[in-house]
Amino acid sequence: MDFKNWLKEKMEEKNWNQVQLARASGVSQAAICRWLKGEREPDISMLQKIGRTLNIPDWELLLIKGIVNRDVFSLDEDDIAIPILSSKVPCGIAENDFDAYTVGYEIFNKSLIQMKTGKSYQDKIRLFIVRAKGDSMIGKGITENDLVVFSPDLQTISGDIAIVELEDFGLCIKEVIFQDKAVILKSANPKYDPIILIDKPARIIGKVIMHVGYH
């Protein structure tokens, strides 16, 4: 993902416009406007101001700008960096193309991932993160902007929460119920009716293994 789209994504997560980001960061609105249009990109000092304002670590800023490669960073041997995917991941994209829509990383302890998946890190299961939108899964404790960790390599069985691709909605988080010939996508909020798929099979992108609150 290029810098302008990455910045748009980060601003959308906070529901900030250019004026709000400019006031909070001390960077001129004109400069931010040029960045969002792709006309220019910030230097390191400007980039760090944006990072501090949006609570983004320096190493993630350097990664997204392509200043350094991922393997430059030496994580503690007990940690792993899981990519955060853009909310603009298009329908129909192949799972091996997810990396092109990475907008950041979050660090997790390997033992926590092992506990949640039942797999050791050596099993090399793929892990990704999406940010929760809306309140449809609030009954499961998943709220707006939570980091939701999922894996396309773990089997989703009836009753699991999964990331599901719907043609009209894109990616969504739902409890998946397999019942006879139907697939039922259930919200965890009584405001929303279940989605019942009979003619169109659901494309399950990955099983949700955990979620953490936005920080």
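Above: the structure in question.
Please read these numbers as outputs of a predicted model, since none were measured by experiment.

*Asks:* Tell me about the pairing of strand E6 (residues 170-179), and please be specific about residues and values.
*Replies:* The pairing of strand E5 (residues 161-166) with E6 spans 6 bridges and is antiparallel. When the sheet's bridge partners are listed, Val-164 is paired in E6 with Cys-172. Adjacent in sequence and paired antiparallel, E5 and E6 are bridged by 3 residues. In this sheet, strand E7 (residues 182-186) lies alongside E6 in antiparallel orientation, the contact comprising 5 bridges.

*Asks:* Please provide a residue-by-residue account of the packing of helix H1 (residues 3-14) against helix H3 (residues 29-37), values included.
*Replies:* Two elements in contact, H1 and H3, have axes whose closest approach is 7 Å; the angle formed by their N-to-C orientations is 120 degrees. As summarised for this structure, H1 and H3 are arranged oblique, according to the angle between their axes. The segment H1 lies against H3, with Phe-3, Lys-4, Leu-7, Lys-8 and Met-11 engaging Trp-35, Leu-36 and Lys-37.

*Asks:* Provide a residue-level description of the pattern of salt bridges, including the pertinent values.
*Replies:* Oppositely charged side chains can pair when the atoms bearing their charge come close. Per the stated rule, a full pass over the model turns up 5 salt bridges. Residues Glu-165 and Arg-203 are paired through a salt bridge, measuring 2.9 Å at the closest nitrogen-oxygen approach. Of this pair, Glu-165 sits in strand E5 while Arg-203 is found in strand E9 (residues 203-212), placing the two residues 38 residues apart along the sequence. Assessed through its relative accessible area of 26%, Arg-203 is described here as partly exposed.

*Asks:* Describe the environment of Lys-133, with residues and values.
*Replies:* Secondary-structure assignment places Lys-133 in the loop between strand E3 (128-131) and strand E4 (147-151). For the pair Lys-133 and Glu-13, spaced 120 residues apart in sequence, the C-alpha separation works out to 9.4 Å. Once you skip the residues sitting within four places of it in the chain, Lys-133 turns out to touch Ser-87, Glu-144 and Asn-145.

*Asks:* I'd like a description of the side chain of Asp-160, backed by residues and values.
*Replies:* Tracing the backbone shows Asp-160 in the loop between E4 and E5. Of the polar contacts made by the side chain of Asp-160, one reaches the backbone nitrogen of Ile-157; its length is 2.9 Å. Among all residues touching Asp-160, those that are not within four sequence positions of it are Gln-155, Lys-174, Glu-175, Val-176 and Lys-207.

*Asks:* How would you summarise the packing of aromatic side chains if you had to cite specific residues and measurements?
*Replies:* Under the counting rule described, the total for this entry stands at 5 aromatic pairs. Ring centres of Phe-98 and Phe-128 lie 5.2 Å apart, and the angle between their planes is 85 degrees; this geometry places the pair in the edge-to-face category. In this pair, Phe-98 sits in the loop between strand E1 (79-85) and strand E2 (102-109) while Phe-128 sits in strand E3, placing the two residues 30 residues apart along the sequence. Like Phe-98, the residue Phe-128 is buried in the burial classification. Arranged with centres 6.4 Å apart and planes meeting at 80 degrees, the rings of Phe-98 and Phe-150 form a pair that is edge-to-face. Of this pair, Phe-98 sits in the loop between E1 and E2 while Phe-150 sits in strand E4, placing them 52 residues apart in sequence. The aromatic ring of Trp-16 is capped on one face by Lys-14, whose charged end is 5.4 Å from the ring centroid.

Rules behind the numbers
- Residues numbered from 1 in each chain as written.
- Predicted model: local features only at pLDDT ≥ 70, side-chain atom pairs only at ≥ 80, totals over all residues.
- Heavy atoms only, no water.
- Pairing = 2+ DSSP bridges.
- Helix = DSSP H or I, 4+ residues; strand = E, 2+ residues; numbered from the N terminus.
- Axes fitted to C-alpha atoms, helices over the stretch in contact; angles between N-to-C directions.
- Parallel < 35°, antiparallel > 145°, perpendicular 65-115°, else oblique.
- Contact = heavy atoms within 4.5 Å.
- Salt bridge = Lys/Arg side-chain N within 4 Å of Asp/Glu carboxyl O.
- Buried < 20%, exposed > 50% of the residue type's maximum accessible area, 1.4 Å probe, protein only.
- Polar contact = N/O pair within 3.5 Å; in protein donor to acceptor, adjacent residues only side chain to side chain.
- Phe/Tyr/Trp six-rings, centres within 6.5 Å; stacked < 30°, edge-to-face > 60°.
- Lys NZ or Arg CZ within 6 Å of the ring centre and 35° of its normal.

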